[in-house]
Amino acid sequence: MNKVLVKITKYVVLFVFGVFVIIPFFWTLVSSFKPMNAILKDIAPFSLKTFVPIPFTLDSYEQLFSGGFMKSVFFSILVGILTIIAGILINSTAGFAFAKFRFPGKKIIFMIVLISFLIPFEAIAVPLFIIVRWLNLLNTLGALILPMIANGLCVFLFYQFFKNIPTDLMEAAIIDGASWWRIYWQIFLPLSKPAVVSASLLLFLSQWQSFLWPLVSVQSQNMRMVQVAIAYLTINERTTLLHVLLAAAVMSSVIPLLVIFPLQRYYIRGFVTSGMKG
Amino acid sequence: MSKKKINALKGTVGLSRRSLVAYLFLLPSLTGLIVFRIFPIIYTFIGSLFNVDYYKGGTSFVGFENYLNVLKDPIFWHSLKVTLIFNLVVNPVQITIALILAVLLNGSNRSIRIIRTLFLLPLGVSVTIASTIWNILLNPNEGLINSFLNFFGIPSQPFLTSPSQALWCIVLVASWCGIPYWMMFLLAGLQDIPVEYYEAAKIDGATNWQSFWYITLPLLKRALTFVVVADTTANFLLFAPVFILTRGGPQWSTNLLMYETYSNAFVYSDYPRALTLTSILLLMTLVIVLLELRVLQKEES
């Protein structure tokens, strides 16, 4: 009897929080397929109709695709991809150096890497803005990408992965006269596919979700990142149609989910656990 | 030069060549980290000791004057109070609920696995998007939440437009995206605990509560410590919901220090004051994180 009670409590708790977590998302998804007047009409009074996409229309998405928002989506994807390419290259080489070399100052440099990933971006937004202004990078693609490519957590991910690759392979290659660059490029990097996937996810999501930095470092409309674009849609509420705003929220959540779901394993096992051990 | 020295040099020639290669591999990433992560921190503290000089132009050294000015300012004290109240509520709430959900979802049967996937959905939702969605839901006149309350006979609430409710709405929004996120970390930690431990405890006649207290909590320590520290830093530096939902209002009731820093830098262009606030925020977060680490490590012994 007691066991049944525990089980019931368990599912009630899960149900309550499930509703809290899922309903706002579900309502947003459903309403984005309705015309604006129907959304408003169905909100109050509260009924089953509130959560049914009838009448169904794609009007909001048509408006979204014809407006400037999609440009922000594509721009964010572009920034994300460029960050991945540069980020994988420089963070994996650093991880390689930590895993397979002994050199003076290694401990101190490793500390710098560890400290750097404990500092959230928001904390340094103001000084970083001043530094990037000095470097004459404000309002450029460089302002968005350069500060984001060197990533302590990615270095750590590669370090952990490379550390476990046996040194015999390396010794054999050295005897064959291979250069260090070739050893890294042709042996170590191809072997580290899981770390590459995890690090790419991490770098892409960090760009996709970033808000404060693109908000202050870039003013041009042509370089508006997706989170900034949606914030402006929300703030200019009077000129934004409700159903279009909901469609924008759906679009900008679905894209990272499309990346996370198939790669769930890498997402969780990769940087979640290494983040905790760091 | 003595022979010894030459030999020593020769010895290090081989080593230093290999070291040189290591430095070259490190160089790009390390440059990035120093320029864009470490230097900004140093610059924050240095910059906070300077102020704009209106006579000479440029800036001049003023010592701790910026700090004294900030400490004399009632807006700062108010923001500090709001920040502390917010964090005293939001961090325990998020971590407790995330922990409960993680424990409940740490099963391997099918229904649990399906629910677990559903809880992953909000991972795609950034704080910015969460703010957008809740801005619509919390609309006092035509929002879903008020309509839901009315359904149960509760009158409509002003939510974000009320100085006494706005901060709790920010807590709600932050928790909505924070809980599933931190839960995922705790769940990963739980799944590292071998099932055999629980089975053995069961054979020994331990209750569920006992196995939670004596097996789960101690073995989850690492993950839990990480979540506590990361969650605290994230919430002390929370920005997007305030920017999108309230702009610090109504009547400064949601003017968190991070937002105050933002408006000083990017609305009023008062960089010395913004840097001073940043350094206070950084130091405060550091002290609180150290305290948390101390408490969590004490429990271990």
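Note that the structure is predicted; figures quoted are calculated from it, not measured.

Criteria and cut-off values
Residues numbered from 1 in each chain as written. Chains lettered and ligands numbered in written order. Predicted model: local features only at pLDDT ≥ 70, side-chain atom pairs only at ≥ 80, totals over all residues. Heavy atoms only, no water. Contact = heavy atoms within 4.5 Å. Buried area = accessible area lost by both parts, 1.4 Å probe. Salt bridge = Lys/Arg side-chain N within 4 Å of Asp/Glu carboxyl O. Polar contact = N/O pair within 3.5 Å; in protein donor to acceptor, adjacent residues only side chain to side chain. Helix = DSSP H or I, 4+ residues; strand = E, 2+ residues; numbered from the N terminus. Domains from an automatic or database assignment. Axes fitted to C-alpha atoms, helices over the stretch in contact; angles between N-to-C directions. Parallel < 35°, antiparallel > 145°, perpendicular 65-115°, else oblique. Left-handed = near helix turned anticlockwise from the far one by under 90°. Nonpolar A, V, L, I, M, F, W, Y, C, P; charged D, E, K, R; others polar. Buried < 20%, exposed > 50% of the residue type's maximum accessible area, 1.4 Å probe, protein only.

## Points about the interface of chain A and chain B
Working step 1: Contacts between chain A and chain B engage 95 residues on the former and 86 residues on the latter.
Working step 2: Together, the buried faces of chain A and chain B total about 8,000 Å²; carbon and sulfur atoms form 79% of this surface.
Working step 3: Inspection of the chain A/chain B interface yields zero salt bridges.
Working step 4: Viewed at the interface, chain B and chain A are joined by ten residue pairs in polar contact (both at pLDDT 80 or more).
Working step 5: Take the side of chain A that touches chain B: its biggest share by element is 14 residues, from helix H1 (residues 2–31) of chain A.

## Observations concerning the domain arrangement of chain B
Working step 1: Structurally, chain B comprises domain 1 (3–38) and domain 2 (74–300).
Working step 2: Distance between the C-alpha centres of domain 1 of chain B and domain 2 of chain B: 43 Å.

## Observations regarding the packing of helix H3 (residues 74–104) of chain B against helix H7 (residues 166–190) of chain B
Residue and element names in this part refer to chain B.
Working step 1: Direction vectors running N to C along H3 and H7 enclose 40 degrees, while the axes themselves pass 7 Å from each other. Relative to H7, H3 is oriented oblique. In this structure, H3 crosses over H7, and the sense of that crossing is right-handed.
Working step 2: Class assignment for the residues of the contact of H3 with H7 results in 23 nonpolar, three polar and no charged.

## With respect to the pattern of salt bridges
Residues and elements named next belong to chain B.
Working step 1: Counting across every chain of the model gives three salt bridges over all chains.
Working step 2: The partner of arginine 273 in a salt bridge is aspartate 73, and the shortest N-O contact between them spans 3.0 Å. Placement of the pair is arginine 273 in helix H13 (residues 271–300) and aspartate 73 in the loop between helix H2 (65–71) and H3, with a sequence separation of 200 residues.
Working step 3: With a relative accessible area of 15%, arginine 273 lands in the buried category.
Working step 4: Across the pair arginine 273 and glutamate 260 runs a salt bridge, and its minimum N-O distance is 3.0 Å. With arginine 273 in helix H13 and glutamate 260 in helix H12 (residues 257–267), this residue pair connects regions lying 13 residues apart in the sequence. When sorted by exposure, arginine 273 lands in the same class as glutamate 260, which is buried.
Working step 5: Residues joined in a network through salt bridges with shared partners are Asp73, Glu260 and Arg273.

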